[in-house]
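# Structural features, examined
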Amino acid sequence: MRSTRVRRTCITLVASALTLSAAAACGSSDESSSGKTRITVNCEPPKSAKVDRSFFDQDTAAFEKKNSDIDVVMHDAFPCQDPKTFDAKLAGGQMEDVFYTYFTDAKHVVDINQAADLTPYVKELKSYDTIQKQLRDIYTVDGKIYGIPRTGYSMGLIYNRALFTKAGLDPDKPPATWEEVRADAKKIAALGNGTVGYADYSAQNQGGWHFTAEMYSQGGDVVSADGKKASIDTPQGKAVLQNLHDMRWDDNSMGSKQLLVINDVQQMMGSGKLGMYLSAPDNIPILVKEKGGNYKDLALAPMPGGQGTLIGGDGYMFNKKDSPAQIRAGLKWLDSMFLTPGDGFLGDYARAKKSDAPVGLPEPRLFTGAADAKDQAVKKANANVPVENYQSFLDGNQSLQMKIEPPNAQQIYSILDGVVSAVLTKKDADIDKLLSDASGKIDAMLARS
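Our subject in this report is the structure included herewith. Keep in mind it's a predicted model, so treat the numbers as computed, not measured.

On to the sheet that holds strand β9 (residues 274-279), then. Across the sheet, 4 strands lie side by side as β8-β9-β7-β10; this open sheet has mixed pairing. The open sheet terminates on both sides in strands that have one partner only, identified here as β8 (196-198) and β10 (298-302). Across the sheet, the mean angle from the axis of one strand to that of its neighbour is 25°, orientation sign disregarded. When strand β7 (residues 156-160) meets β9, the two strands line up antiparallel, connected through 4 bridges. Within the sheet, the bridge partner assigned to Gly156 lies in β9 and is Ser279. In the packing of helix α10 (residues 262-270) onto the sheet, the strands contacted are β7, β8, β9 and β10, and the crossing angle to β9 comes to about 140°.

This brings us to the pattern of salt bridges. All told, the structure shown has 18 salt bridges when counted by the stated rule. Linked through salt bridges whose partners overlap, the residues forming this network are Glu44, Arg53, Asp57 and Asp76.

On to the state of the cysteines, then. Tallied over the full model, the rule gives 1 disulfide. Paired through a disulfide, Cys43 and Cys80 show a sulfur-sulfur distance of 1.9 Å. Every disulfide takes its handedness from the sign of the S-S torsion; for Cys43 and Cys80 that torsion is 60°, giving right-handed. Residue Cys43 is located in strand β1 (residues 37-44), and its partner Cys80 is located in the loop between β2 (70-76) and α3 (86-91); the two are separated by 37 residues in the primary sequence. Look at Cys43 and you get buried, because its relative accessible area is 1%.

Once that is clear, we can look at the pairing of strand β6 (residues 147-154). Across the 8 residues of β6, 8 count as buried, placing the element largely inside the fold. Of the pairings in the sheet, the one linking β6 to strand β11 (residues 308-318) comprises 7 bridges and is antiparallel in character. Residue pairing for β11: Gly152 is matched across the bridge by Gly313.

Between helix α8 (residues 206-217) and helix α9 (residues 235-250), the least distance of the axes is 9 Å, while the angle of their chain directions is 120°. Where α8 crosses over α9, the two elements pack in a sense that is right-handed. On α9, the residues touching Phe211, Glu214 and Met215 of α8 are Gln236, Gly237, Val240, Leu241 and Leu244.

Inspection of the secondary structure assignment puts Gln242 in helix α9. Owing to a relative accessible area of 30%, Gln242 belongs among the partly exposed residues under this scheme. When the C-alpha positions of Gln242 and Glu124 are compared, they lie 51 Å apart, and in sequence the two are 118 residues distant.

The contact between α8 and helix α17 (residues 409-425) brings their axes to 6 Å, and the two run at 85°. Here α8 is positioned roughly perpendicular relative to α17, judged by the angle of their axes. Side by side, α8 and α17 meet where Gln206, Gly207, Gly208, Trp209, Phe211 and Thr212 of the first sit next to Tyr413, Leu416, Asp417 and Val420 of the second. Tallied by class, the residues present in the contact of α8 with α17 amount to 5 nonpolar, 4 polar and 1 charged.

Let's shift gears to the packing of aromatic side chains. Taken as a whole and assessed by the stated rule, the structure comprises 14 aromatic pairs. With a centroid separation of 6.0 Å and 65° between ring planes, the pair formed by Phe56 and Trp333 is classed as edge-to-face. One end of the pair, Phe56, is in helix α2 (residues 50-66); the other, Trp333, is in helix α12 (residues 324-338), and 277 residues separate them in sequence. Ring geometry for Phe86 against Phe99: centres 6.4 Å apart, planes inclined by 55°, an arrangement best described as tilted. Note that Phe86 is positioned in helix α3 and Phe99 in strand β3 (residues 98-102), a separation of 13 residues in sequence. There is no split in this pair, since Phe86 and Phe99 are both buried.

Given 3.6 residues per helical turn, the α-helix brings residues three or four places apart onto the same face. Here helix α15 (residues 369-381) contains 13 residues, and its C-alpha end-to-end distance of 18 Å stays within 8% of the 18 Å for a straight helix at 1.5 Å per residue. All of the buried residues in α15 are Ala371, Asp372, Asp375, Gln376 and Lys379. The arc enclosing the buried residues of α15, seen along the axis, measures out at 125°, which places them on a common side. Residues of α15 that are exposed and point more than 90 degrees away from the buried face comprise Ala370, Lys380 and Ala381. Buried positions along α15 lie against α14 (349-354).

Quick look at the nonpolar core now. Core analysis: the largest hydrophobic core is formed by 73 residues, its most contacted members being Tyr198, Phe211, Leu244 and Met276. Sorting elements by how many residues they give to this core places α17 first, with 10 residues. Counting residues in hydrophobic clusters, the runner-up holds 52 residues, among them Leu90, Val109, Leu334 and Leu366.

Calculation notes
- Throughout this description, residue numbers start from 1 for each chain and increase along the sequence as written.
- The predicted origin of the model limits local features to residues at a pLDDT of at least 70 and limits the giving and counting of side-chain atom pairs to 80 or more, whereas totals for whole chains, interfaces and linings rest on all residues.
- Side-chain metrics rest on all non-hydrogen atoms present in the structure, leaving aside hydrogens and water.
- When DSSP finds two or more bridges between a pair of strands, those strands are recorded as paired.
- Put simply, DSSP marks the helices as runs of H or I at least four residues long and the strands as runs of E at least two long, and each gets a number from the N terminus on.
- Convention adopted: a line fitted to C-alpha atoms gives each axis, helices being fitted over their contacting stretch, and angles between N-to-C directions are expressed from 0 to 180 degrees.
- Only heavy atoms enter the contact rule, under which two residues are in contact if any of them lie within 4.5 Å.
- A carboxyl oxygen of Asp or Glu within 4 Å of a side-chain nitrogen of Lys or Arg is what we treat as a salt bridge.
- Disulfide assignment relies on a single distance test, namely cysteine sulfur atoms paired within 2.5 Å.
- Summary of the burial criterion: residues with accessible area below 20% of their type's maximum are buried, those above 50% are exposed, and those between are partly exposed, where the area comes from a 1.4 Å probe applied to protein chains only.
- Rotating anticlockwise by less than a right angle from the far helix to the near helix defines a left-handed crossing, while the corresponding clockwise rotation defines a right-handed one.
- Every angle not falling under 35 degrees, over 145, or within 65 to 115 is termed oblique; those three ranges are roughly parallel, roughly antiparallel and roughly perpendicular.
- Each residue is assigned to one of three groups, with Ala, Val, Leu, Ile, Met, Phe, Trp, Tyr, Cys and Pro labelled nonpolar, Asp, Glu, Lys and Arg labelled charged, and all others, Gly among them, labelled polar.
- Any pair of Phe, Tyr and Trp rings, taking the six-membered ring for Trp, is counted once the centres come within 6.5 Å. Such a pair is stacked with planes under 30 degrees apart, edge-to-face with planes over 60 apart, and tilted for the rest.
- To estimate how far a helix should extend, the number of its residues minus one is multiplied by 1.5 Å.
- What the arc covers is the set of directions going from the helix axis to the C-beta atoms.
- The set of buried Ala, Val, Leu, Ile, Met, Phe, Trp, Tyr and Cys residues whose side-chain atoms join them within 4.5 Å is what this entry labels a nonpolar core.

Just distances and angles here, no functional claims.
What follows is the structure, given as structure tokens:
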């Protein structure tokens, strides 16, 4: 359920001959005119993101200088992956040689036979064994490796320390259970003047996304282990919805405006009118730079409930048409750009600090062992945000089960949106019926997939 970038695309032409010509222009041959191995890659930051674009281009140019036999052709993207066109681009042969994917895409791309098998080549990727195994496993299907993780995130609870203090709560002791979330939200809402204690999404598939995260937090799930049946009509599912219902209608701590999406909630938090909401750490700089928030007021706690948290992230896969030379070149580029601790596009913290980019957020945390220690040491040395505000998140995550989004996530989220929105907009919503009906719809969808 993330993020936004600009893509440069080829123009689709009406005449069939011209369309084929245009498709060929979008693709990539094995060699450039200079005899170098040529690869196209996507997710270059858009020109509007001047700092990120500059870093990305600088790092790619440095890579090409060091690897004079490789020519990298970059395509910018907004978003890096558009779900509406992703499959069509794959099927039409328009996908780049090295292309961005969400974690939830990995198996699907393999299932439709559009991914190159990287297994024979990953031994050449110096950083591969340093990446967290649970992230590597996401791109491993039937024992074969089809992608390389780039970033990972886990959900937590963002809260406003200033509102906690004003409401008589201890900002150093965020709520650890959903009962405590409810109690704290009620006290924050009692401050009045339009202050909301807790907010949640309930539209554009985002309500289903958060319902899933809340299920994980209580030890539940949304589909069975084999991915064939819904598992929402359970005590955990009922507890999630009952808690939302009670905060919304009994406590009036969620405000009267509902059917919220991420931008609405971020605006509320940035303006100092919201006490808590679920998110990943990457929301924090958005709240400050785009929504008027202040780093000192924004803190992050682990998911309430103490059982689990939803993880997500992204990585790169390779076009099934890639030659061995292109695969090797792409892996070298990934190593240089994203997978070198304390360096590269995501890891050069000293450069980020000089450009006033936030350094010190608790995630993404990609590596393990000595690589992680080096990455964290460089990050700590260049931190320019209040890292102490995120310590409880780091500590609490150690005991949580990390769970990826379910298969067919977007279809499931669309169904669950209706469940969450009904509870938040109808005081007399029948929770048992909502769960039963949604379970049947998910079962039918999974049977067709």
